[in-house]
Amino acid sequence: MLQAFILSISQLSDRSILLVLLKTLSLSLALFAILGVGAYYGLVWLFAWLDWSGGGFAAAAAAAIIAILTGLLLFRVVAMFVLNIFSDDIVDAVERRHYPQQAEAAKPPGYLIGMKMGIASTGRAIGYNILASPVYVLLLVTGVGAPLAFFIVNAILIGRDLHDMVASRHINNIAELPTNWRIGKAQRFILGLATALLLAIPVVNFLAPILAAAMATHLVHRRGEEEPLS
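What counts, and where the lines are drawn
Residues numbered from 1 in each chain as written. Predicted model: local features only at pLDDT ≥ 70, side-chain atom pairs only at ≥ 80, totals over all residues. Heavy atoms only, no water. Helix = DSSP H or I, 4+ residues; strand = E, 2+ residues; numbered from the N terminus. Buried < 20%, exposed > 50% of the residue type's maximum accessible area, 1.4 Å probe, protein only. Areas by Shrake-Rupley, 256 points an atom, 1.4 Å probe, with all protein chains shown as cover. Polar contact = N/O pair within 3.5 Å; in protein donor to acceptor, adjacent residues only side chain to side chain. Salt bridge = Lys/Arg side-chain N within 4 Å of Asp/Glu carboxyl O.

Before going further, it helps to examine the overall build of the protein chain. Across its full length, the protein chain carries eight helices and zero strands. Its helices and strands taken in sequence order, the protein chain reads α-α-α-α-α-α-α-α from the N to the C terminus. Burial statistics for the protein chain: of 230 residues in total, 44% are counted as buried. Summing over all exposed atoms, the protein chain offers an accessible surface of approximately 12,300 Å²; the carbon and sulfur share of this is 72%.

Quick look at the side chain of His 221 now. By the element assignment, His 221 lies in helix H8 (residues 204-226). On the basis of relative accessibility, which here comes to 0%, the residue His 221 falls in the buried class. At 2.6 Å, the side chain of His 221 forms a polar contact with the side chain of Glu 95.

Let us look at the pattern of salt bridges. Applying the stated criterion across every chain, the model contains eight salt bridges. For Arg 96, the salt bridge is made with Asp 92, and the minimal N-O distance between the two is 2.8 Å. With a gap of four residues between them, Arg 96 and Asp 92 both fall in helix H3 (residues 55-98), about one helical turn apart. Classification of Arg 96 by relative accessible area gives partly exposed; the value is 48%. When its relative accessible area of 22% is taken as the criterion, Asp 92 is described as partly exposed. Taking the shortest distance from any N to any O, the salt bridge between Arg 160 and Asp 164 comes out at 3.7 Å. Here Arg 160 pairs with Asp 164, and both are found in helix H6 (residues 145-167), just four residues apart, close to one helical turn.

Shown next, in the form of structure tokens:
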């Protein structure tokens, strides 16, 4: 895991990786901007319907707060969705540099498949976190229990998404993944947990999706070095 992280950090200066980072940042910010604009016009209409004078300024302020809070709360979901769209570019860059044979044999899923995977990932993230929300609420009294539970749930989900993201380039049916393409559950959990923690750190969270995809690529292919991939 540490070696995968170091190798991923060392490749951040690659032009292809920087391009993906730019596209990821641009799309993520665009999504939040659309949310803010949508919230603004929605609130303007609501305040007008309530016949509240001065609603324009209040709507702008409320929309900005909504966009910021949503960004803080849902950045992980948006980041993973966007990552799935551009994941193939990241995985391809890592494979071409470190695993050229696997890169030649890869079958890139394309942006459409990536978007479908992103939607599925987003659905799982929202669904499982909603299911776990009663546990989060109950653990609020402990002070640290709720954040720990949140990170555990999301570490499991993120680890799975990252693993499938890489394997989908080489295996047609993820549901019937051969044993030699599976990284251990503990390793997958640690990968997901490391990603979730990075996503929680301001500024660093913009790099987290890129690092996560690169780390997942190294872990999957280094597993293959232990057992020949098929």
